Amino acid sequence: MPRQRRVVQGGWLYPGDGTPTKRQQAKFTSTVGPSWAAGVAQDGEYRRTAPTEAVGSIIESGQDAKAEILDKIDMLVSSEEGSVDMDGRLAPVFSLCLVLVAGMYLAGCGPKAVTVDAAKLQLFKALPDLMESQKNPITEAKVSLGRMLYYEPRLSRNHDVSCNSCHDLAQYGVDGQPVSDGHKGQKGTRNSPTVYNAAGHFVQFWDGRAPDVEEQAKGPVMNPVEMAMSSEKQVVAVLKSMPGYVDAFKKAFPEERDPVTYNNMARAIGAFERRLVTPARWDKFLQGDQAALTDQEKTGFNKFMEAGCQACHAGAYLGGEMYQKLGAVKPFPDASDLGREAVTKQESDRMIFKVPSLRNIEKTAPYYHTGKVPTLEAAVKEMAEYQLGKQLKDDEVASIVAYLKTLTGSIPAEYVKQPELPKSTAKTPKPSNT
Ligand code: HEC
Ligand code: HEC
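All residue numbers here refer to positions counted from 1 along the written sequence of the relevant chain. The order in which chains are written sets their letters, starting at A; the order in which ligands are written sets their numbers, starting at 1. Whole-chain, interface and lining totals are the exception, using all residues; otherwise, since this is a predicted model, local features are given only for residues with pLDDT of at least 70 and side-chain atom pairs are given and counted only at 80 or more.

Undergrad: So what exactly am I meant to see when it comes to the nonpolar core here?
TA: Across soluble globular proteins, nonpolar side chains have a tendency to be buried as a group. Put simply, a nonpolar core is a cluster of buried Ala, Val, Leu, Ile, Met, Phe, Trp, Tyr and Cys residues tied together by C-beta atoms within 7 Å. Here a residue counts as buried when 20 or more other C-beta atoms sit within 10 Å of its C-beta, as exposed when there are 12 or fewer, and as partly exposed otherwise, the C-beta atoms being derived from the backbone. One finds A268, I269, I400 and L404 to be the most contacted residues of the largest nonpolar core, which totals 65 residues. A run of DSSP states H or I qualifies as a helix once it reaches four residues; a run of E qualifies as a strand once it reaches two. Both are numbered from the N-terminal end. Contributions of two or more residues to this core are made by α5 (140-150), α9 (232-240), α10 (243-252), α11 (262-273), α12 (281-286), α13 (295-307), α15 (376-388) and α16 (394-404). A per-element tally of this core places α11 first, with six residues. Each domain's extent was defined by an automatic or database domain assignment. There are two domains that each give this core at least three residues, and those are domain 2 (140-273) and domain 3 (281-407). When neighbours within four sequence positions are excluded, L404 is seen to be in contact with L358, I361, E362 and L376. Each residue gets a C-beta atom placed from its backbone, and two residues are in contact if those atoms lie within 7 Å.

This is the structure in structure tokens:
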């Protein structure tokens, strides 16, 4: 079937939600074929379709008539009792190939092409280039200090655990274990989430007990089962024992008289984390590159939306924007972790967790705060069951998983390369395995 692609700027478009009362002027793209015609606004918000036969003669009459064509479509559509959004109805009859997102890319629109409703994409955002903070502006000097500290095992009691031990930057910011090994191989109780894109979340930790990555970074260094340092003073003593660190702190905090502090350690690590972003094919798609996702992946996205996952997993991070109960619809069987109740002491917060981001989710198994869910398929299936009260079939799960894999981004290899660390001196405290 020959199809024509026509781009028309300006003109009237009706909203695609079935209310042909509000008229909006917008840039739009129209697609016309032998059996149908469609117009979509370039911001993706408005669209309309109609059988081409009704407008065929006008279509043949050339460029100047295009605005007229679309007006004619308007007439046809509005005469159908307000059913502007005709995709559904026309699809079986005319094998309608429609729908475009912001940016409008129409080429390659074959008879079986999967369509994604542009309005649905409004719930999502492309990743930012970095995750800014007014309180802790990013500078090169801070970032380069933060990178050293991130990889620094001497910030642990036995000089054998660094942030990177549990959040391996070469492995998408995780260690792949259900729960991590800390000081003397001790296990924590929760799965290590990834540090990639984490700085953009509204709070940190599964239970949100730290407001931002700067506060968060103060936790593990002194946590007895993680890095197990005994006091802030001890940490500062370690850092001050090495001229390489003293210099780096001076550069990172040039206004301060005594820059080597526990707080500044955390601020430098935080600044480093604020650039740990992993743009993915999904971002290209959101930016208008229709070809960035395959039909199978677009179908998966549609399934994700149909199931209702976006109620909790939306925005730039597909999560990281709110708290929700694990077991929102059906009680989750493993209720050993109180979740936010441990933070707020409110019983109503039992089993409430931060909705985690789904960025790079393919790479961060095992899943859930327990780390007990081994595969992404199982994680998706359980989500549907406990959060939405739905039983997904295996092929639906596979389809959603295919979509989720488009969230796998590229690791900024140069940025996360382990730097050379300052040399210890005679004053540097010795490792201790107690
Ligand atoms: C022994 C393993 C271990 C070490 C070492 C460790 N972490 Fe973590 N990290 C975890 C675990 C487990 C959690 C989740 C704990 C929770 O939510 O209660 C976590 C949570 C986080 C989070 C929150 C992410 C989110 O999505 O909420 C960030 C950020 C983070 N760690 C950064 C760091 C930094 C920076 C360091 C070094 C200063 C570090 N971690 C050291 C295991 C570790
Ligand atoms: C009512 C809110 C809600 C809905 C709806 C929801 N989720 Fe979740 N999701 C959560 C919460 C909360 C968690 C954290 C669970 C925990 O504490 O272990 C989570 C965790 C996940 C995880 C594991 C993340 C990780 O890092 O371990 C995946 C994968 C996931 N959700 C996918 C989905 C999919 C796919 C759907 C739709 C079928 C969905 N979710 C629907 C709230 C929701």
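Undergrad: Got a minute to help me understand the site of ligand 2 in this structure?
TA: Each residue receives a C-beta atom built from its backbone; the residue is near a molecule or strand if that atom lies within 6 Å of it. Inspection of the region around ligand 2 gives 27 residues, with C309, C312, Y367, Y368 and M383 positioned closest. For the shell around ligand 2, the secondary structure elements donating two or more residues are α13 and α15. Under the convention adopted here, Pro, Cys and the residues Ala, Val, Leu, Ile, Met, Phe, Trp and Tyr are nonpolar, Asp, Glu, Lys and Arg are charged, and Gly plus all remaining residues are polar. For the shell around ligand 2, a count of residues per class yields 21 nonpolar, six polar and no charged.

Undergrad: What is the right way to look at the site of ligand 1 in this model?
TA: Neighbouring residues of ligand 1: 26 residues in total, closest C163, C166, G182, F205 and P220. Those elements giving two or more residues to the shell around ligand 1 turn out to be α6 (163-166), α7 (213-216) and α8 (218-222). Among the elements that line the shell around ligand 1, the one with the most residues is α6, at three residues. Per-class residue counts for the shell around ligand 1 are 14 nonpolar, nine polar and three charged.

Undergrad: Please clarify how the packing of α15 against α16 should be interpreted in this entry.
TA: Between the N-to-C directions of two axes lies an angle of 0 to 180 degrees, each axis being a line fitted to C-alpha atoms and, for a helix, fitted only over the stretch in contact. Here α15 crosses α16 at 115 degrees, and the two axes come no closer than 9 Å. When the axis of α15 is compared with that of α16, the two are roughly perpendicular. Note that α15 runs across α16; the crossing there is right-handed. Where α15 abuts α16, its residues L376, E377, V380 and K381 lie against V397, I400, V401 and L404. Its residues placed into classes, the contact of α15 with α16 shows six nonpolar, no polar and two charged. Our angle categories are set so that under 35 degrees counts as roughly parallel, over 145 as roughly antiparallel, 65 to 115 as roughly perpendicular, and the remainder as oblique. In a left-handed crossing the near helix is turned counterclockwise from the far helix by less than a right angle, and in a right-handed crossing that turn is clockwise.

Undergrad: Explanation requested: α9 in the structure shown.
TA: In an α-helix, one turn spans 3.6 residues; hence positions three or four apart end up facing the same way. Here α9 has its buried residues at V235, V238 and L239. In an axial view of α9, the angular spread of the buried residues amounts to 95 degrees, which keeps them on one side of the axis. Buried residues along α9 sit against α8, α10 and α11. Starting at the helix axis, one direction is taken to each C-beta atom, and the arc is that of these directions.

Geometric descriptors of this kind do not, in isolation, establish any biological role.
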